[in-house]
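Structural overview for review
Chain by chain, the residues:
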Amino acid sequence: MDKIEKKISFEKYTYEELNENDKACIQQSLQARSKAYAPYSTFSVGASLQMSNGEYILGNNQENRAYPSGLCAERVALFHFGANYPDGIIKTLTITANNKVGNYKEMIKPCGSCLQVIAEYELKQEQKIRIILYSDTNQVLIAEGVENFLPMIFLF
Ligand code: THU
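First things first, this report covers the structure right here in the doc. Here the structure is a predicted model, which means the values were calculated and not measured.

Brief notes about the site of the ligand
For the ligand, the full set of nearby residues is S41, F43, V45, N61, E63, C72, A73, E74, I108, K109, P110 and C111. Note that an oxygen atom of the ligand is positioned 3.0 Å from one of the side-chain N or O atoms of N61. About the coverage of the ligand: the protein hides 75% of its 370 Å² of free accessible area. Of all elements in the fold, only β2 (43-51) and α2 (73-84) reach the threshold of two or more residues within the shell around the ligand. Grouping the constituent residues of the shell around the ligand by class yields seven nonpolar, two polar and three charged.

Right, here's the structure in full:
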């Protein structure tokens, strides 16, 4: 019997410790979050993608009264990227969330479906995507690549 062990790794910061570029990525995701359409869950999520040319693409969750027809913030941004920048390179994906009351303390982690989509674009561009998670409590987690969330990735 062989044993396979995989290590996942996240850097933990406070917002103030970040460089200006990472702070800007967070500010963009907060802007995206402020425009979320989340009347059913009242849980707003914002995602910013920073491309290699420095430009941002923003996404937020888009809910629907037929609940499964809605989509997460990450995939709204990623599919916009995929549809409009077929040769683009994503450097950083930054995600933040809060509820209507404003007392959500977690750093939101992307759901399984969004992780699979992040993995797809990483494989397509043959470059890892830096993933920044920000909580309104000022805490930040940063991972270099989706395999830190999804160590046993689906490949064929
Ligand atoms: N949501 C996201 O936008 N991203 C995630 O990673 C998880 C969940 C949204 C979907 C739904 O609009 C709301 O959060 C509650 O699940």
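Quick word on the nonpolar core
In terms of nonpolar packing, the biggest core is built from 28 residues, with L49, I118 and I131 touching the most fellow members. Those elements giving two or more residues to this core turn out to be β2, α2, β4 (90-99), α3 (112-125), β5 (130-134) and β6 (139-144). The residues touching I131, leaving out its near neighbours within four places in the chain, are L93, I95, I118, L141, I142, A143, G145, V146 and F149. Core analysis: the second largest hydrophobic core is formed by eight residues, L18, I26, I132 and Y134 among them.

Regarding the packing of aromatic side chains
Counting across every chain of the model gives seven aromatic pairs. Look at F81 and Y121: their rings are 5.8 Å apart centre to centre, the planes differ by 85°, and that puts the pair in the edge-to-face class. On the criterion of sequence distance, the pair formed by F81 in helix α2 and Y121 in helix α3 is long-range, its members being 40 residues apart. Looking at F81, the relative accessible area reads 1%, which means it is buried. A relative accessible area of 13% means that Y121 is categorised as buried. The rings of F81, Y85 and Y121 are connected pair by pair, giving a single aromatic cluster.

Remarks on the pairing of β4
The element β4 is largely enclosed, with a buried count of eight among its ten residues. Two strands pair when backbone bridges link them, and β2 and β4 are joined in this way by nine bridges, in the antiparallel orientation. Of the residues in β4, the one forming a bridge with L49 is L93. Inspection of the sheet shows β4 paired to β5 by five bridges, in the parallel sense. Paired with T96 across the strands is Y134, a residue of β5. For the crossover from β4 across α3 to β5, the handedness is right-handed.

Re the side chain of N148
Note that N148 resides in the segment after β6. A distance of 3.1 Å separates a polar atom in the side chain of N148 from the backbone oxygen of G145. Those residues in contact with N148 that sit more than four places away from it in its chain are K7, I8, S9, F10 and A143.

Basis of the calculations
- Residues numbered from 1 in each chain as written.
- Predicted model: local features only at pLDDT ≥ 70, side-chain atom pairs only at ≥ 80, totals over all residues.
- Heavy atoms only, no water.
- Near = heavy atom within 4 Å.
- Polar contact = N/O pair within 3.5 Å; in protein donor to acceptor, adjacent residues only side chain to side chain.
- Areas by Shrake-Rupley, 256 points an atom, 1.4 Å probe, with all protein chains shown as cover.
- Helix = DSSP H or I, 4+ residues; strand = E, 2+ residues; numbered from the N terminus.
- Nonpolar A, V, L, I, M, F, W, Y, C, P; charged D, E, K, R; others polar.
- Core = buried A, V, L, I, M, F, W, Y, C linked by side-chain atoms within 4.5 Å.
- Buried < 20%, exposed > 50% of the residue type's maximum accessible area, 1.4 Å probe, protein only.
- Contact = heavy atoms within 4.5 Å.
- Phe/Tyr/Trp six-rings, centres within 6.5 Å; stacked < 30°, edge-to-face > 60°.
- Pairing = 2+ DSSP bridges.
- Right-handed = clockwise from strand over helix to strand, strands pointing away.

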